[in-house]
Amino acid sequence: MQPLSTHTGKVMPVDTRGFNQGYVGKRMRVELTDGESLEIRLHELTVCAKPEPCCGITYVLISSSRSDGKRDKGTAYWNALGNIEKFQILGD
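Rules behind the numbers
- Residues numbered from 1 in each chain as written.
- Predicted model: local features only at pLDDT ≥ 70, side-chain atom pairs only at ≥ 80, totals over all residues.
- Heavy atoms only, no water.
- Phe/Tyr/Trp six-rings, centres within 6.5 Å; stacked < 30°, edge-to-face > 60°.
- Lys NZ or Arg CZ within 6 Å of the ring centre and 35° of its normal.
- Salt bridge = Lys/Arg side-chain N within 4 Å of Asp/Glu carboxyl O.
- Helix = DSSP H or I, 4+ residues; strand = E, 2+ residues; numbered from the N terminus.
- Buried < 20%, exposed > 50% of the residue type's maximum accessible area, 1.4 Å probe, protein only.
- Pairing = 2+ DSSP bridges.
- Axes fitted to C-alpha atoms, helices over the stretch in contact; angles between N-to-C directions.

**Student:** Describe the packing of aromatic side chains, and please don't skip the residues or the numbers.
**Tutor:** Scanning the model with the defined rule gives 3 aromatic pairs in all. Pairwise contacts between aromatic rings join Phe19, Tyr23 and Phe87 into one cluster. Taking NZ or CZ as reference, Arg71 lies 5.3 Å from the ring centre of Tyr77, over its face.

If you want it as structure tokens, here you go:
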């Protein structure tokens, strides 16, 4: 758990599953709990008082392992932290 400041200036412990503000703008590989693998550029880390459903990441999709066409490359998406199995930083 990492202490993060809220917009009120209070510090609260929130499990961000390893994500931090320093990763914003980075290219990453993210594996979701449903087995989908994404390559993304992290746009924003959302942290709130309760871990779900509002804590998550906003990202721009570079590629996806899905073949059903339900995600468009170059489009911004949001995903809850609870749906993220693991991630890896790939670069800037």
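**Student:** Go over the pattern of salt bridges, please, and point to the residues and values.
**Tutor:** According to the stated counting rule, one finds 5 salt bridges in the structure shown. Here Asp92 ties to Lys26 by a salt bridge, and the two come within 2.5 Å at their closest N and O atoms. Of the two residues, Asp92 is situated in the segment after strand E7 (84-91) and Lys26 in the loop between strand E2 (11-14) and strand E3 (27-32); the sequence distance between them amounts to 66 residues. Taking relative accessible area as the criterion, Lys26 reaches 23% and is therefore assigned partly exposed. Note that Glu36 is salt-bridged to Arg71, the shortest N-O span being 2.9 Å. Taken as a pair, Glu36 in the loop between E3 and strand E4 (37-46) and Arg71 in the loop between strand E5 (56-64) and strand E6 (76-80) lie far apart in primary sequence, 35 residues in all. A residue is classified by how much of its surface remains accessible, and Glu36, at 4% relative accessible area, is buried. Put simply, Glu36, Arg66, Asp68 and Arg71 are held in one network by salt bridges that share partners.

**Student:** Give a detailed account of the sheet that holds E5, specifying residues and quantitative values.
**Tutor:** Pairing in this open sheet of 5 strands is antiparallel, and the strands run E6-E5-E4-E3-E7 from one edge to the other. Looking along the sheet, the strands with just one partner apiece sit at the ends: E6 and E7. Here the strands of the sheet are splayed against their neighbours by 45° on average, with no regard to which way each runs.

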